Amino acid sequence: RLLMCNLSFADFCMGIYLLLIASVDSQTRSQYYNHAIDWQTGSGCSAAGFFTVFSSELSVYTLTVITLERWHTITYAMQLDRKLRLRHAILIMLGGWIFSLVIAMLPLVGVSNYIKVSICLPMDIETPLSQAYIIFILVLNVTAFIIICACYIKIYIAVQNPELTPTNKDTKLA
């Protein structure tokens with residue numbers, strides 16, 4: 001439940017971002033091009049950018065943790081002493097929150113910025129540091145995707161063919 005609540009909060013933050021973008025569109029009445037500079041250079045775009053990066057990274061992190069927890073639970077279903085404890089989950093998610101906050105705040109302190117595009121994403125690639133920031137986020141998200149896919153493939157194989165895995169009692173129970 002803790003992990004699902006964190007994922008829900010990340011989705012809520014994405015909703016805030018979408019509401020900010022929608023409200024700007026509504027206020028400009030389809031004439032955004034007349035207000036683009038004011039919006040993109042203002043604090044509203046920075047806030048929207050913060051929410052989108054924070055929510056995206058917290059969501060990716062949480063989904064990866066949930067997937068790893070599901071894989072671990074299915075792999076070691078009979079070994080209750082190897083179960084993820086609440087205090088461990090809290091520490092893991094605290095790390096995810098800190099990481100997501102830092103990643104979302106970096107454009108606010110000069111590493112990339114949120115003013116390059118109208119949807120307030122950190123797309124500045126003019127400096128090597130900004131390029132490294134973008135590449136780091138992309139590599140991190142692709143890595144998370146690969147981990148999630150690999151875990152679900154392992155879960156599927158373990159559940160479909162429990163005799164192929166060394167802990168077949170665990171997978172049969174799962």
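Residues numbered from 1 in each chain as written. Predicted model: local features only at pLDDT ≥ 70, side-chain atom pairs only at ≥ 80, totals over all residues. Heavy atoms only, no water.

The name given to the protein chain in an unreviewed UniProt entry is Luteinizing hormone receptor, with Xenopus laevis as the source organism. Among the UniProt annotations of the protein chain, the heading Subcellular location (unreviewed entry) holds the following wording: "Membrane". (UniProt positions renumbered as here; feature names shortened; annotations may be inferred.)

> Explanation requested: the state of the cysteines in the structure shown.
Note on terminology: a disulfide is the covalent bond linking the sulfur atoms of two cysteines. Enumeration according to the criterion identifies one disulfide in this entry. Disulfide pairing is shown between Cys45 and Cys120; the S-S distance is 2.1 Å. The sign of the -125° torsion about the S-S bond sets the Cys45-Cys120 disulfide as left-handed. Highlighted residues: Cys45 in helix 3 (residues 43-75) and Cys120 in the loop between helix 4 (86-105) and helix 5 (128-160), separated in sequence by 75 residues. The exposure class assigned to Cys120 is buried, which follows from its relative accessible area of 0%. The closest cysteine sulfur to the non-disulfide-bonded Cys149 is located on Cys151, 9.6 Å from its own sulfur. (Disulfide = S-S within 2.5 Å. Helix = DSSP H or I, 4+ residues; strand = E, 2+ residues; numbered from the N terminus. Buried < 20%, exposed > 50% of the residue type's maximum accessible area, 1.4 Å probe, protein only.)

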